[in-house]
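# Observations on the model geometry
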Amino acid sequence: MTEPFIRLRNLRKVYRKDGREFPAISDATFTVAPGELACLVGPSGCGKTTLLKILAGLQSYDSGEAQIGSPSHPFDPARDIGMVFQQPLLLKWRRLLQNVLLPAEILGLPMRESAERARELIAMVGLTGCEDKYPYELSGGMQQRAAIARALVHDPKLILMDEPFGALDALTREKMNLELINIWKRSGKTILFVTHGISEAVFLGTRVVVFTTGPARMADNFEIELPEPRTLDVKTSEAFGEYSRRIYHLLGMR
């Protein structure tokens, strides 16, 4: 049996203000295997982003356990995590290749090898020929693909994605879903993907973790078994509909 790469057990996080408590995460318990693309789905404000921040080492938690890696395979959040946000956050004064190289520069990695890897990643995300372009010369989808390449350039063990396609139009979002599956399969990385889109979570995920509000809690955690390779045609299948209905019911949308 494969040892979990991410292990959460009874994780609880509470925000406090003016003597009041606001639960962000209540009793989250699930595991993610190495190489999985796990989706966290739920309404806005249900604790999904908070969970990513805890895993990234940016926030503490009140109780429970949050473990990445293992004693035999130590994990360093500063080195082993790549992050992709809803906005690409590319530096407008840097060309595409320079933007992708930014994590390697911050970590002090050898530039010759890093530049070679950056060019390979730029090719992998379909941006060959754009290396010298500035962000304003790229479409929203192209900028987000550049952000994904940037998250991979230092060869992290874990990619955290916080609603990375939420600002894109519907058609571009569908295309980016297909692109992400291809990138994930080629890179072999473990990905934790936050979304409030039920269809997106089912389409992308090998596993879906459902969060609800009032108070914030983890409602379910289950594997997704759909035909491979995943194409948009799978969205018309009965199995896809069953998974989607399961999430709708958990969120009280009947």
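Residues numbered from 1 in each chain as written. Predicted model: local features only at pLDDT ≥ 70, side-chain atom pairs only at ≥ 80, totals over all residues. Heavy atoms only, no water.

Our next topic: helix α1 (residues 48-55). Taken across its eight residues, α1 has six buried, putting it largely inside the fold. K48, T50, L51, L52, I54 and L55 are the residues of α1 that are buried. After α1 finishes, the residue G57 shows a positive phi value of roughly 80°. (Buried < 20%, exposed > 50% of the residue type's maximum accessible area, 1.4 Å probe, protein only. Helix = DSSP H or I, 4+ residues; strand = E, 2+ residues; numbered from the N terminus.)

As a further point, take the pattern of salt bridges. What the rule picks out here adds up to 15 salt bridges. Note that E238 is salt-bridged to R245, the shortest N-O span being 2.8 Å. On the accessibility criterion, E238 (54% relative accessible area) is exposed. The closest approach of N and O atoms between R245 and E242, which form a salt bridge, is 2.8 Å. Of the two residues, R245 and E242 are both situated in helix α9 (residues 238-250); the distance of three residues between them amounts to about one turn of the helix. Accessibility expressed as a relative area gives 36% for R245, which makes it partly exposed. (Salt bridge = Lys/Arg side-chain N within 4 Å of Asp/Glu carboxyl O.)

Examined against the element boundaries, R207 turns out to sit in strand β8 (residues 207-212). A distance of 3.3 Å separates polar atoms of two side chains, one belonging to R207 and the other to E36. Within polar-contact distance, the side chain of R207 engages the side chain of N221 at 3.1 Å. Among residues more than four places away in sequence, those in contact with R207 are T31, E36, L37, A38, C39, N221, F222, E223 and I224. (Polar contact = N/O pair within 3.5 Å; in protein donor to acceptor, adjacent residues only side chain to side chain. Contact = heavy atoms within 4.5 Å.)

So, on to the sheet that holds strand β6 (residues 158-162). If you trace the six strands from one edge of the open sheet to the other, you get β5-β6-β7-β3-β8-β9, paired in mixed fashion. Each having just a single partner strand, β5 (81-84) and β9 (217-223) make up the two edges of the open sheet. The mean inter-strand angle of the sheet, taken between neighbouring strand axes irrespective of direction, is 15°. In the packing of helix α6 (residues 140-152) onto the sheet, contacts are made with β5 and β6, and the angle to β5 comes to roughly 170°. Across the face of the sheet, α9 comes into contact with β3 (37-41), β8 and β9 while running at roughly 170° to β9. (Pairing = 2+ DSSP bridges. Axes fitted to C-alpha atoms, helices over the stretch in contact; angles between N-to-C directions.)

The strand order across the open sheet built from three strands is β2-β1-β4, with neighbouring strands paired in antiparallel fashion. Each of the sheet's edge strands pairs with one partner strand only, and the pair in question is β2 (20-32) and β4 (63-68). For this sheet, the mean inter-axis angle between neighbouring strands, taken without regard to orientation, is 30°. Both strand β1 (residues 6-17) and β4 contribute to a ladder of five bridges, which runs antiparallel. In the strand pairing of β4, L8 is matched with A66.

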